[in-house]
Amino acid sequence: MFGIAAFIYGLAVSVTLSLCGRNRQMGRSHPPLLRALGYLLCGVSIGAAGGLGFMVASDPASAQDIVPLIGGAL
């Protein structure tokens, strides 16, 4: 389940950033839907970072549960 969510999130970020770059090169303004998707992705990123930070701050032993998700070693 996490893999599917990460794939969709990565795909949405990739498409959003490439469309923003193309619009900037062509000197066009961003459509409202692209702007809304960008704000949504920023909110999801900040929320996930805050949630993980809060989880680790409230229970440092829970950081061991995060390690397999990010592929590192603590």
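Since we're looking at a predicted model, the values are computed, not measured. (Residues numbered from 1 in each chain as written. Predicted model: local features only at pLDDT ≥ 70, side-chain atom pairs only at ≥ 80, totals over all residues. Heavy atoms only, no water.)

**Here's the deal with the overall build of the protein chain**
- The secondary structure content of the protein chain amounts to 3 helices and 0 strands.
- Counting helices and strands in the order they occur from the N terminus, the protein chain gives α-α-α.
- Sorting the 74 residues of the protein chain into buried and exposed places 12% on the buried side. (Helix = DSSP H or I, 4+ residues; strand = E, 2+ residues; numbered from the N terminus. Buried < 20%, exposed > 50% of the residue type's maximum accessible area, 1.4 Å probe, protein only.)

**Notes on the side chain of T16**
- Looking at the element boundaries, T16 is found in helix α1 (residues 2–26).
- Using a relative accessible area of 6% as the deciding quantity, one classes T16 as buried.
- Of note is the side chain of T16, whose polar atom sits 2.7 Å from the backbone oxygen of A12.
- In contact with T16, other than residues within four places in its own chain, are L34, L37, G38 and L41. (Polar contact = N/O pair within 3.5 Å; in protein donor to acceptor, adjacent residues only side chain to side chain. Contact = heavy atoms within 4.5 Å.)

**Here's the deal with the packing of α1 against helix α2 (residues 32–58)**
- Where α1 contacts α2, the two axes come as close as 10 Å, and the packing angle between them is 135 degrees. Taken as axis vectors, α1 and α2 run oblique relative to one another. In this structure, α1 meets α2 at a crossing whose hand is left-handed. Across the interface between the two elements, Y9, A12, V13, T16, L19, C20 and N23 from α1 touch L34, L37, G38, L41, V44 and S45 from α2.
- Residues belonging to the contact of α1 with α2 are distributed by class as follows: 9 nonpolar, 4 polar and no charged. (Axes fitted to C-alpha atoms, helices over the stretch in contact; angles between N-to-C directions. Parallel < 35°, antiparallel > 145°, perpendicular 65-115°, else oblique. Left-handed = near helix turned anticlockwise from the far one by under 90°. Nonpolar A, V, L, I, M, F, W, Y, C, P; charged D, E, K, R; others polar.)

**Considerations on the confidence of the model for the protein chain**
- Of all residues in the protein chain, 84% have pLDDT values of 70 or greater, and the mean over the chain is 85.
- When mean pLDDT is compared element by element in the protein chain, α1 scores highest at 92, while helix α3 (residues 63–70) scores lowest at 65. (pLDDT = per-residue confidence, 0-100.)

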